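Take a look at the letters that make up each chain.
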Amino acid sequence: METLCAALDPMFPCREAAITTLGELIGDAREAYPSAIYLFGHSGTGKTALTRALLKECSKRQGVRTAHLNAIECYTTKIMLENVLDSLTSPQKGDSVKADNMVEFVEQLRRAEAPGFLIAVDNAERLRDMDANVLPVLLRLQQLTSLNLCVILLSQLPFEKFYNKTGLSEVICLHLPQYNKAETQRILGSDFDQVRGHLLEQFATDPGRLEICETAMTEDFYNNYLNLFLSVFYKACRDLPELQLTARKCFAVYLEPVLDGAVEASDISRLWRHIAGPLRAALTQIYMRIEKPLEECAESSASLEDQSVRKLAQSLELPYYAKFLLIAAFLASHNAANQDKRLFVKHHGKQRKRMQTVNARAKTTEKMSTTLGPKSFSIDRLLAIFYAILEEKVGLTCNLLSQISTLVHLKLLSFVSGEQNIMDGSARLQCTVGLEFVLQIGKVVGFNVRQYLCDFM
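For every chain, the first residue of its written sequence is number 1, and the numbers climb from 1 along that sequence. Whole-chain, interface and lining totals are the exception, using all residues; otherwise, since this is a predicted model, local features are given only for residues with pLDDT of at least 70 and side-chain atom pairs are given and counted only at 80 or more. Here the side-chain values reflect all heavy atoms present in the structure, with hydrogen atoms and water set aside.

1. Things to note about the environment of L210
Quick note on the threshold: Only DSSP runs of H or I with at least four residues qualify as helices, and only runs of E with at least two residues qualify as strands; both kinds are numbered from the N terminus onward. It only takes one pair of heavy atoms within 4.5 Å for two residues to be counted as in contact.
Inspection of the secondary structure puts L210 in helix α10 (residues 207–216). Between the C-alpha atom of L210 and that of L200, which follows or precedes it by ten residues, the distance is 6.3 Å. The residues contacting L210, other than those within four sequence positions of it, are L200, F203 and A204.

2. Considering the packing of aromatic side chains
Convention followed: Think of it this way: a Phe, Tyr or Trp ring, Trp meaning its six-membered ring, pairs with another when their centres are within 6.5 Å, and the plane angle makes it stacked under 30 degrees, edge-to-face over 60, tilted otherwise. Only protein chains enter the area calculation, which uses a 1.4 Å probe; residues under 20% of their type maximum are buried, those over 50% are exposed, and those in between are partly exposed.
Considering all chains together, one arrives at 18 aromatic pairs under this definition. Judged by centre distance (5.4 Å) and plane angle (40°), the ring pair of F221 and Y254 falls under tilted. Of this pair, F221 sits in helix α11 (residues 219–233) while Y254 sits in helix α12 (residues 240–260), placing them 33 residues apart in sequence. There is no split in this pair, since F221 and Y254 are both buried. On the basis of an interplanar angle of 70° and a centroid distance of 6.1 Å, the ring pair of F324 and F447 is categorised as edge-to-face.

3. Observations regarding helix α16 (residues 320–334)
Let me state the cut-off plainly: Here the expected length of a helix is defined as 1.5 Å per residue gap, with one fewer gap than residues.
Under the 1.5 Å per step criterion, the end-to-end length of α16 is 22 Å for 15 residues, consistent within 8% with the ideal 21 Å. Burial within α16 is extensive, with 13 of its 15 residues counted as buried.

4. Description of the sheet that holds strand β8 (residues 428–431)
The cut-off we apply is this: Two strands form a pair only when DSSP identifies at least two bridges running between them. Fitted lines through C-alpha atoms serve as axes, helices being fitted only where they are in contact, and the angles separating the N-to-C directions of these axes extend from 0 to 180 degrees.
The sheet built from three strands is open, its strands ordered β6-β8-β7 with antiparallel pairing. The open sheet has two free edges, formed respectively by β6 (377–378) and β7 (413–417), since each of these has just one partner strand. Across two bridges, the pairing between β6 and β8 is antiparallel. What sits directly across from S378, in β8, is R428. Its contacts with the sheet put helix α21 (residues 398–409) on β7 and β8, and the angle it makes with β7 is roughly 95°.

5. Looking at unusual backbone geometry
In this structure, S146 is a non-glycine residue whose phi angle is positive, near 60°. Locating S146 in the fold gives a position in the loop between α7 (141–145) and β4 (149–155). According to the relative accessible area criterion, S146 is exposed, its value standing at 67%. Located in the positive-phi region is K411, a residue other than glycine, with phi close to 65°. By secondary structure assignment, the location of K411 is in the loop between α21 and β7. Taking relative accessible area as the criterion, K411 reaches 29% and is therefore assigned partly exposed.

6. Considerations on the sheet that holds strand β2 (residues 65–70)
As a general point, the strands of a sheet are linked pairwise by backbone hydrogen bonds and lie either parallel or antiparallel. Sheet architecture is open: five strands sit in the order β2-β3-β4-β1-β5, paired in parallel fashion. With one partner strand each, in any of the chains shown, β2 and β5 (172–175) form the two edges of the open sheet. Between one strand axis and the next, the sheet turns by 15° as a mean value, whatever way the strands run. Where strand β3 (residues 117–122) and β4 come together, five bridges link them in parallel fashion. Each bridged residue has a counterpart across the sheet, and for V121 the counterpart in β4 is L153. Sheet contacts for helix α3 (residues 47–62): β1 (36–40), β2, β3 and β4; angle to β2, the most-contacted strand, approximately 160°. Each of β2 and β3 is contacted by helix α4 (residues 77–89), which is oriented at about 150° to β2, the strand it contacts most.

7. Describing the environment of I441
Secondary-structure assignment places I441 in helix α22 (residues 435–445). Separated by 123 residues in the primary sequence, I441 and L318 place their C-alpha atoms 9.9 Å from one another.

8. Topic: the side chain of N148
Applied cut-off: What qualifies as a polar contact is a pair of N or O atoms within 3.5 Å, subject to a donor-acceptor requirement within protein and to the restriction that residues adjacent in sequence count only when both atoms come from side chains.
Structurally, N148 is set in the loop between α7 and β4. Here the side chain of N148 touches Y33 through a polar contact of 2.8 Å, landing on its backbone nitrogen. Contacts of N148, omitting those with residues within four sequence positions, involve A29, E31, A32, Y33, P115, G116 and F117.

9. Section: the pairing of β1
Burial runs high along β1: five of the five residues are buried. Of the two faces of β1, the one carrying A36, Y38 and F40 and the one carrying I37 and L39 are both buried. The sheet contact formed by β1 and β4 spans five bridges and is parallel. What sits directly across from F40, in β4, is S155.

10. A look at the packing of α11 against α12
Heads up, the rule is: Should an angle fall under 35 degrees it is taken as roughly parallel, and over 145 as roughly antiparallel, whereas 65 to 115 is taken as roughly perpendicular and any remaining angle as oblique. A clockwise turn of the near helix away from the far one marks a right-handed crossing, whereas an anticlockwise turn of less than a right angle marks a left-handed crossing.
At a closest axis distance of 10 Å, the pairing of α11 and α12 adopts a crossing angle of 120°. For the element pair α11 / α12, the angle class is oblique. Both α11 and α12 take part in a crossing whose hand is right-handed. Contacts between α11 and α12 involve F221, Y222, Y225, L226, L228, F229, L230 and F233 on the former and, on the latter, L243, T246, A247, C250, F251, Y254, L255 and V258.

11. Focus: the nonpolar core
Counted only if it meets this: Here, nonpolar core refers to any group of buried Ala, Val, Leu, Ile, Met, Phe, Trp, Tyr and Cys residues whose side-chain atoms link them within 4.5 Å.
Ranked by size, the top nonpolar core spans 43 residues in total, and within it L326, I327, L331, I389, L413 and V449 carry the most contacts. Of all the secondary structure elements, the ones that give two or more residues to this core are α16, α17 (340–344), α20 (379–389), α21, β7, β8 and α22. The leading source of residues in this core is α16, at ten residues. Setting aside anything within four residues of it in sequence, one finds L331 in contact with F344, R381, I385, I389, F447, V449, Y452 and L453. Counting 41 residues, the second largest nonpolar core, distinct from the first, contains L188, A216, F221 and F233.

12. Description of helix α13 (residues 268–283)
The following threshold applies: Each residue is assigned a bend, namely the angle between axes fitted to the seven residues that terminate at it and the seven residues that start at it.
For α13, built from 16 residues, the straight-helix expectation of 22 Å at 1.5 Å per residue is met to within 8% by its first-to-last C-alpha distance of 21 Å. Of all the bends in α13, the greatest, near 35°, is centred on I275, and the proline P278 appears no more than four residues after it. Among the residues of α13, those classed as buried are L271, I275, A276, P278, L279, A281, A282 and L283.

13. Observations concerning the environment of V232
Summarising the element assignment, V232 is placed in helix α11. Judged by relative accessible area, which is 17%, V232 ranks as buried. If we skip the residues at most four places from it in the chain, V232 touches W272, L279 and L283.

Take a look at the structure:
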């Protein structure tokens, strides 16, 4: 178990506790495996990568037979069972594995020989849509086959969402939480050697830039950049692969004035003023693969009217009410809650114009809420704004609430907290799309978004 943990710990920083737990449960094939393990957490928390590496190490070190499949790809029970048998039983060349039902699957699996068997099923929530006996049999597969076998289910949902009328066997649940800001910076910082090596290779034919890069590109310099990067991106996005991709893309812009000799590598304030605009422009393109240089996006406010963003917003196939929910979410993220009455209530009373109020509204571009980034809001506030901006009367139905989940699934909204408590009002979300995107959505449904933003009043 110690050798297994020692091999995995460097590969997955900040996951030492989960690796130790998994190592204690299935790290030694000479000991009995638990019948099932349920591994859950948000996307980007390392569930699939960690499980694949664990299965690979167990197979290499202990001779354990492993199978890793995605429930989305196995769209029928027959395909899933035959894929598992193909990985665990090693059929002869030319022989085809067939299992039309669970009885045949269990009978063939009993004849397999190995110190242990590990089966991992990604997107395990899809098993609920298969035949009613699939999930119960998988959870009791060790008992039915009398093998040292463990089934690892991976999902974003808590296991309580799997309970059915007949009940399910007990499983060991292991939660992989989202990385906090310090852990995210540590993981992004582990790419330093790779990023530095790529830059040195890129400037190998340019002696001047190569010398500056060798001198300026230190670990402290890269960590300072990551700290600035996460100050903009961490609240809007927790998906680690997306952050890694965007951080590498923006680092070239951050390093450019240093390579040109215009700014010293130690002058953090001037580097921040140089990178602030491109970072905010990149924030509006998160999860969108728009190939446009960030410098062009940061040159002026007109750069936000990017043709690719307009086309994407106009072609986005969302239900009619979902588009208004997205607009309401953007308004809730970029307006102060104490301004809702003035913005959305028709008879809100008179408001005296005092000098302090006038000065407070004389915002510079840096202080505008649409450039500072989104703030969190509650479900109740989202629905209140939605009903205020929608001209027709619509009942609060399950179909309407499900469209909020659709926007979250499409990464247009993201949970800040309380994602498991949507109905009790404690959940808080934030809008992840930019102003230009929402303006185009507003044009599609005939709604003037700027009229309800404090920045433009």
